[in-house]
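Breakdown of the fold
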2 protein chains.
Amino acid sequence: MTAAAGEMGDGGERRRPITPLPRGAGTALWDAIRADLLDRIKRLEFAAGEQLPSEASLADGYGVNRMTVRRALAELARAGAVRTEHGVGSFVAPQPIRHRIDDGNISLLESMNSRGHAVRQEHQQVITHPDPAATGDQGVPGLAQLAGVGLSSPSELWTFPAFPGPLVEYRYKLLLDEVPWCRSFAVLPSQLVPEDWDRDKSVFNAVADAHDLQLRRDDRRFSALAADARDAALLDIAVGAPLLLLSGTNVDQHGRIVAYIVHRIRGDRAEYALHVPR
Amino acid sequence: MTAAAGEMGDGGERRRPITPLPRGAGTALWDAIRADLLDRIKRLEFAAGEQLPSEASLADGYGVNRMTVRRALAELARAGAVRTEHGVGSFVAPQPIRHRIDDGNISLLESMNSRGHAVRQEHQQVITHPDPAATGDQGVPGLAQLAGVGLSSPSELWTFPAFPGPLVEYRYKLLLDEVPWCRSFAVLPSQLVPEDWDRDKSVFNAVADAHDLQLRRDDRRFSALAADARDAALLDIAVGAPLLLLSGTNVDQHGRIVAYIVHRIRGDRAEYALHVPR
DNA sequence: TAGTGGTCTAGACCACTCA
DNA sequence: GAGTGGTCTAGACCACTAG
């Protein structure tokens, strides 16, 4: 196959060849290329999921250095418009549908399931922490960083006055239609989690059932942060891509704190909707 | 002044000199440098607000090319740890305090004011749009992009069934303690906005007062996206920095839609807190 | 093995800020 | 004008993926 970069099968008739852009007009070359590529994607010259020309051929087409093209592609990848695979190529991101999270359910897993989505939970790690009261700590070390810095005063974070003893921290991720969707952390008092909990289901429901508790969300905090290397690897996104940070507390019917939760949700795939019933 | 890069006045006694890092150990050089700089910032070797060594001297110290240092600094800037000024230098970002937005107030301006913050509103633009019903449009063109793509079905967006006629779109930004904090868009029916509205105050309050309406939030939608060039310029952040996207609807006591609002809030400076009263 | 993206270099020139 | 960051180049080498 000697296929030239500018000629392809489907939709090729409306595809314009990549040609050099006007230079030095106030905007950087990489930004002009970024805009041009985004424009072509929006015009469906490159269909969703389709592979873009290689960096080398793009650089050749635009008449620029490969590093300049890379800068443009990196920016598009961060914005979620393009997905890049090492050794394979760059692809137009499949329709960046933002799945709506409706408020009300105790767990994100349940929220999505109740909307008929194919949601799956994949456990990364289970960590047991000693009783924070006994060690004099303020709670689970290192977890505050995951929730962003300075989100709350330390004293009110990560302790369970009503349920002393060791804690369990669950690290897992949610996949929606097999697409990584969010990286989550949950901290609960160890004593509350039943032994026979089905790992495919929500731990919060298991706790509620085992102890006859009615759990509800006490508060939520929303912010945004950049994906770090770990987020990027787990969620299949670029380093620096925007994440919706959602942290919250679950309490039971007596107002006792039962769980702390932190979700790091792909910004390009999620929207959290809150309707005020009046 | 012949000051060597490794020697400075305040806090210098605990500052380690910049020396080459071990190479090729699985992680990229730029990432190792990023981590090293972040570590030094956290250890207060570089105090908040302090100027970092120049890119050239960092490259010299680490024994790498300047581009490698730039990659590290760019990543730190996106994450909000560092702020870079063209022609001046790079600085440790002043304490990245996330100001909490408490839910309940109709306007973000009022939310922050009620917490005793020095908030100021800076108007960028006022745009009048023709009656969407008359032109057959679905509302305000271009605004959907600002709210992110696919946030809602178009039919329910940007139209005011109860208040026909032209629309006004306000583009403004909020500053908190004179630091750019969020870029906002509000769309209202033109007929509702009083002529004598004091531009320093909330337009929503002006509308409520003028027509004796009780406004409340009907819904909110949260997501995250990357700052574009315009965001970056207005909010004084790096392109690609994470923004908290908050869009919502205001209705009056009869349930009539009175305003659509979109906020693009700096992720490093804001946290939206929601407390469920039970 | 060929083709792709990821990293890094050495150097050039420009744009901006400030003394 | 000196010093800073911003852009861009030409080229090298490596790591990864696929046929």
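Residues numbered from 1 in each chain as written. Chains lettered and ligands numbered in written order. Predicted model: local features only at pLDDT ≥ 70, side-chain atom pairs only at ≥ 80, totals over all residues. Heavy atoms only, no water.

A closer look at the interface of chain B and chain A
Here is the rule: Contacts: residue pairs with any heavy atoms within 4.5 Å of one another. Two parts placed together each lose some accessible area under a 1.4 Å probe, and adding up what both lose gives the buried area. Any Lys or Arg side-chain nitrogen located within 4 Å of an Asp or Glu carboxyl oxygen qualifies as a salt bridge. Any pair of N or O atoms that falls within 3.5 Å is considered a polar contact. Within protein, one atom must be able to donate a hydrogen and the other to accept it, and sequence-neighbouring residues count only if both atoms are side-chain atoms. Helix and strand assignments follow DSSP, with helices taken as H or I runs no shorter than four residues and strands as E runs no shorter than two, numbered in order from the N terminus.
Between chain B and chain A, the contact holds 37 residues from the first and 37 residues from the second. Interface area lost by chain B to chain A is led by Arg98, Phe222 and Leu274 of chain B, which between them contribute 19%. The tally of links from chain B across to chain A stands at three salt bridges. A salt bridge links glutamate 75 of chain B to arginine 78 of chain A, with the nearest nitrogen and oxygen atoms 4.0 Å apart. On the surface where chain B and chain A come into contact, there are eight residue pairs in polar contact (both at pLDDT 80 or more). If you list the elements that add at least two residues to the side of chain B that touches chain A, you get helix 3 (66-79), strand 7 (216-226), strand 8 (242-251) and strand 10 (270-275) of chain B. If you tally residues by element for the side of chain B that touches chain A, the top one is strand 7 of chain B, at 11 residues.

Quick notes on the domain arrangement of chain A
Residues and elements named next belong to chain A. Our working definition: An automatic or database domain assignment is the source of the domain bounds shown. Three classes are used: nonpolar for Ala, Val, Leu, Ile, Met, Phe, Trp, Tyr, Cys and Pro, charged for Asp, Glu, Lys and Arg, and polar for all others, with Gly counted as polar.
Along its sequence, chain A is organised into domain 1 (12-92) and domain 2 (99-273). If you look at the interface, domain 1 gives four residues, while domain 2 gives seven residues. The contact between domain 1 and domain 2 buries some 340 Å² in all, and 55% of this surface belongs to carbon and sulfur atoms. Here domain 1 and domain 2 share zero salt bridges between them. Where domain 1 packs against domain 2, one counts zero residue pairs in polar contact (both at pLDDT 80 or more). Taken together, the residues that form the side of domain 1 that touches domain 2 break down as one nonpolar, one polar and two charged.

Considering the relation of the copies chain B and chain A
The condition is simple: Only residues with pLDDT of at least 70 in both copies count here: their C-alpha atoms drive the least-squares fit that superposes the copies.
Of the transformation placing chain B onto chain A, the axial shift is 0.0 Å and the rotation is 180°, giving an RMSD of 0.0 Å. Within this description, the copies of the chain are treated as partners about a two-fold rotation axis. Within chain B, the C-alpha atom positioned nearest to the axis of rotation is that of proline 242 of chain B, 2.3 Å from it. Residue by residue, 100% of the interface of chain B is reproduced at the interface of chain A, so both copies engage with the same surface.

As for the packing of aromatic side chains
Two numbers describe a pair of aromatic rings. These are the distance of the centres and the angle of the planes. The following threshold applies: Between 30 and 60 degrees the pair is tilted, below 30 it is stacked and above 60 it is edge-to-face, where a pair is any two Phe, Tyr or Trp rings, Trp via its six-membered ring, whose centres lie within 6.5 Å. Whether a charge lies above a ring is judged from NZ of Lys or CZ of Arg, which has to be within 6 Å of the ring centre and within 35 degrees of the ring normal.
In the structure shown here, the tally under the stated rule is seven aromatic pairs over all chains. Seen in terms of ring centroids, phenylalanine 160 of chain A and tyrosine 260 of chain A are 5.0 Å apart; in terms of plane orientation they differ by 55°. Their pairing is tilted. With phenylalanine 160 of chain A in the loop between helix 6 (143-146) and strand 5 (167-176) and tyrosine 260 of chain A in strand 9 (residues 257-266), this residue pair connects regions lying 100 residues apart in the sequence. With a centroid separation of 3.8 Å and an interplanar angle of 0°, the aromatic rings of phenylalanine 222 of chain A and phenylalanine 222 of chain B are classed as stacked. Of this pair, phenylalanine 222 of chain A sits in strand 7 (residues 216-226) while phenylalanine 222 of chain B is found in strand 7, placing the two residues in two different chains. Joined through ring pairs, the aromatic side chains of Phe222 and Tyr272 of chain A together with Phe222 and Tyr272 of chain B make up one cluster. Here arginine 71 of chain A stacks its cationic end above the ring of tryptophan 30 of chain A, 3.9 Å away from the centre of that ring.

Here's the deal with the environment of valine 251 of chain B
Residues and elements named next belong to chain B. Inclusion rule: A simple rule labels every residue: compare its accessible area, found with a 1.4 Å probe on the protein chains alone, to the largest value its type can have, and call it buried under 20%, exposed over 50%, or partly exposed in between.
Relative to the helices and strands, valine 251 is located in strand 8. The exposure class assigned to valine 251 is buried, which follows from its relative accessible area of 2%. Sequence separation between valine 251 and aspartate 218 is 33 residues; the distance between their C-alpha atoms is 6.0 Å.

Digging into the protein's contact with DNA strand C
To be explicit about the condition: Any residue with a heavy atom lying within 4 Å of a molecule or strand is counted as near it.
Around DNA strand C there are 25 residues in total, and Arg66 and Arg70 of chain A together with Leu29, Asn65 and Thr68 of chain B lie nearest to it. Close to the protein, within 4 Å, the atoms of DNA strand C are drawn from sugar and phosphate at a rate of 64%. Taking arginine 66 of chain A, its side chain carries an N or O atom lying 2.6 Å from a base nitrogen of DNA strand C. Within the side chain of threonine 68 of chain B, a nitrogen or oxygen atom sits 2.5 Å from a phosphate oxygen of DNA strand C. Residue assignment for the surface near DNA strand C shows that the elements contributing at least two residues are helix 3 (66-79), strand 1 (82-85) and strand 2 (89-92) of chain A together with helix 1 (29-42) and helix 3 of chain B. Ranked by residues supplied to the surface near DNA strand C, first place goes to helix 3 of chain B with four residues. In terms of residue class, the surface near DNA strand C is built from eight nonpolar, 10 polar and seven charged.

So, the UniProt feature "domain: HTH gntR-type" (unreviewed entry) in chain A
Condition: UniProt positions are given in the numbering used here, feature names are shortened, and annotations may be inferred rather than shown by experiment.
What UniProt calls "domain: HTH gntR-type" (unreviewed entry) maps, in this numbering, to residues 27-95 of chain A. The straight-line gap between the two end C-alpha atoms of residues 27-95 of chain A is 28 Å; of that span, 52% is helix and 12% is strand.

Points about helix 7 (residues 203-211) of chain A
Residues and elements named next belong to chain A. Within the sequence span of helix 7, burial applies to Val203, Phe204, Ala206, Val207 and Ala208. Structurally, helix 7 contributes buried residues whose contacts are with strand 5, strand 6 (179-189), strand 8 (242-251) and strand 9. One or two residues past the end of helix 7 sits aspartate 212, with phi positive at roughly 55°.

Brief notes about the protein's contact with DNA strand D
DNA strand D sits among 25 residues. The nearest are Leu29, Asn65 and Thr68 of chain A together with Arg66 and Arg70 of chain B. Among atoms of DNA strand D positioned within 4 Å of the protein, sugar and phosphate together represent 64%. Tryptophan 30 of chain A is positioned with one of its backbone polar atoms (N or O) 3.2 Å from a phosphate oxygen of DNA strand D. A distance of 2.6 Å separates a base nitrogen of DNA strand D from a polar side-chain atom of asparagine 65 of chain A. The element contributing the most residues to the surface near DNA strand D is helix 3 of chain A, with four residues. A per-class count over the surface near DNA strand D returns eight nonpolar, 10 polar and seven charged.

Details of the sheet that holds strand 5 of chain A
Quick note on the threshold: Paired strands, in this sense, are two strands between which DSSP finds at least two bridges. Only the contacting stretch of a helix is used when fitting its axis, a line to C-alpha atoms as for every element, and angles between N-to-C directions run 0 to 180 degrees.
Taking strand neighbours across the sheet as the criterion, the eight strands line up as 4(A)-5(A)-6(A)-9(A)-8(A)-7(A)-10(B)-3(B) in an open arrangement whose pairing is mixed. What marks the edges here is a single partner per strand, and that holds for strand 4 (119-129) of chain A together with strand 3 (99-102) of chain B. Averaged over all pairs of adjacent strands, the angle between their axes in this sheet comes to 20°, without regard to strand direction. Note that strand 7 of chain A and strand 8 of chain A share 10 bridges and pair antiparallel. Within strand 8 of chain A, the residue paired with arginine 216 of chain A across the bridge is valine 251 of chain A. Contacting strand 5, strand 6, strand 8 and strand 9 of chain A, helix 7 of chain A runs over the sheet at an angle of about 35° to strand 6 of chain A.

Things to note about the nonpolar core
To keep things clear, this is the line we draw: Buried residues of nine kinds, namely Ala, Val, Leu, Ile, Met, Phe, Trp, Tyr and Cys, make up a nonpolar core once their side-chain atoms join them within 4.5 Å.
One finds Trp181 and Phe204 of chain A together with Trp181 and Phe204 of chain B to be the most contacted residues of the largest nonpolar core, which totals 102 residues. Beyond its immediate sequence surroundings of up to four residues, tryptophan 181 of chain A is in contact with His99, Ile101, Leu108, Met112, Leu174, Leu175, Leu176, Leu235, Ile265, Arg266, Arg269 and Ala270 of chain A. Counting residues in each nonpolar core, the second largest holds 18 residues, with Ile41, Phe46, Val69 and Leu76 of chain B among its members.

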